[in-house]
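Residue-level structure breakdown
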Amino acid sequence: MGRINTYILKQLLTMFGFFALVLVLIYWINRAVSLFDRLIADGQSALVFLEFTSLTLPWMIFVIAPIAGFAAVIYVIHRLATDRELVVVQSAGLSVAQIAKPVWGFAISLAVLTLVLSSILVPISQAQLHQRQMEVAENLTARLLTEGKFLTPSDTITFYLRHITAEGQLEGVFLNDASDPGKNITYSAAKAFLVRSEVGPRLVLIDGVIQNLDLTTDKLAVTRFNDFVINIGQIVSPGGTAAKRSEHFTSLQLIAQLISAPDMRESARFDMLYTLHQRLAGPLLSMCLVLIGFAVMVTARYSRFGLWRPILVAVICLILVKFIEGLCMDYTRQNQDALWVLYLPLLCGAVLSYGIIFTADQIWNSDKATGI
């Protein structure tokens, strides 16, 4: 029995490594192309591109690990069935629940891997990525400080600066923002200051005018101001200057914040609790996906036309469970007192997988008792 378990477990781990590598490469190439175009267009070096892509790898592995585990179980059980090794094992007197022991070991290992990724590695890498995005946005903003030239850091942004004083004051500032398809906004100011903040660079305009042209109605709204603040980093590098979120903190850091600040805002507390519960429910659900794939494949009847039907059933079960997970996540975001709903997909997956295994074992025991 020990040799059989070791043999199946080795097969599962080998195929998991293969599928994980293939899926990570496909996903990485898909994201790397758009990231490369954006960074190179912003004037960044290849080293910055490699740094950004390496920081996204933990998140990519976390996303594809459950799918790779599911695919590994499907492939291994399918190969054991087509090579008749599964029939030999069952003929030796092993029930479906006994054959599931190495699959349980694989599922627990997968859950531990995804838990470590979601609780430690992904938050650390995302926090570092967030910091580097802010630095890149500040560098891009600094490049705008060129006197007497119309600069276009993107296709929808035009910036002009007449003069920079020795004290760092900007004079004669013009900024046109056409990033919104329905609007064209123009900012002009006699003076301005570029200041740093915790969430990125800010452009403080003094004594100026905002001209907001609605392209759908061709109406122009003009607003005069004494001072106005623009998130210039967000305009120059969208998505790179957002404030740090709970996803950027490890689970231990979130727990420490919840304990040390019991009087924090309810929205912030819910955001932290939601992140913590999601990080726990996700790895547990990956176990269920592996067990569902195993249960469907191991209980399939042999067919000379192949096992495409149980494979299709397993994929449909996977899609169903993930669909339920999405519904539960949306419901929990709208109802802050329903964090327990995040664990409903886990319950559905456990009931589905072991319902199939229990039914198969009942049939197996009945056949064994009747001598079939």
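The structure under discussion appears in the preceding block.
The rules behind the values
Residues numbered from 1 in each chain as written. Predicted model: local features only at pLDDT ≥ 70, side-chain atom pairs only at ≥ 80, totals over all residues. Heavy atoms only, no water. Core = buried A, V, L, I, M, F, W, Y, C linked by side-chain atoms within 4.5 Å. Buried < 20%, exposed > 50% of the residue type's maximum accessible area, 1.4 Å probe, protein only. Helix = DSSP H or I, 4+ residues; strand = E, 2+ residues; numbered from the N terminus. Contact = heavy atoms within 4.5 Å. Pairing = 2+ DSSP bridges. Axes fitted to C-alpha atoms, helices over the stretch in contact; angles between N-to-C directions. Left-handed = near helix turned anticlockwise from the far one by under 90°. Nonpolar A, V, L, I, M, F, W, Y, C, P; charged D, E, K, R; others polar. Salt bridge = Lys/Arg side-chain N within 4 Å of Asp/Glu carboxyl O.

This part is about the nonpolar core. Counting 48 residues, the largest nonpolar core has Phe 16, Ile 77 and Phe 294 as its most contacted members. Residue assignment for this core shows that the elements contributing at least two residues are helix H1 (2-41), helix H2 (46-82), helix H3 (85-91), helix H4 (96-142), helix H7 (266-298), helix H8 (308-334) and helix H9 (344-369). If you tally residues by element for this core, the top one is H7, at twelve residues. If near-sequence neighbours (up to four positions away) are discounted, Phe 16 is found in contact with Ala 65, Ala 68, Gly 69, Ala 72, Phe 106, Leu 110 and Leu 113. In this structure, Phe 159, Leu 170, Leu 175 and Ala 189 belong to the second largest nonpolar core, which totals 16 residues.

The next subject is the sheet that holds strand E5 (residues 202-214). Taking strand neighbours across the sheet as the criterion, the six strands line up as E1-E2-E3-E4-E5-E6 in an open arrangement whose pairing is antiparallel. Sheet topology places strand E1 (150-154) and strand E6 (219-230) at the edges, where each strand pairs with a single neighbour. Ignoring which end each strand starts from, the neighbouring axes of this sheet average 20 degrees apart. Note that strand E3 (residues 170-177) and strand E4 (residues 183-195) share seven bridges and pair antiparallel. If you follow Leu 175 over to E4, its bridge partner there is Tyr 187.

Packed helices, taken two at a time, are described by the angle their axes make and the gap between the axes. Where helix H6 (residues 251-260) meets H7, the axes come as close as 10 Å, and the angle between the chain directions of the two elements is 145 degrees. Two packed elements cross with a definite hand, and for H6 against H7 that hand is left-handed. Here H6 contributes Ser 251, Leu 254, Ile 255, Gln 257 and Leu 258 to the contact with H7, which in turn contributes Arg 269, Met 272, Leu 273, Thr 275, Leu 276 and Arg 279. Its residues assigned to classes, the contact of H6 with H7 shows six nonpolar, three polar and two charged.

For the structure shown, the criterion picks out two salt bridges. Salt-bridge contacts for Lys 322 lead to Glu 325; the nearest nitrogen and oxygen are separated by 2.8 Å. One end of the pair is Lys 322 and the other is Glu 325, both in helix H8 and three residues apart, which spans about a single turn. What makes Glu 325 buried here is its relative accessible area of 17%. Salt-bridge contacts for Arg 333 lead to Asp 330; the nearest nitrogen and oxygen are separated by 3.2 Å. Residue Arg 333 and its partner Asp 330 are located together in helix H8, separated by three residues, close to a single helical turn.

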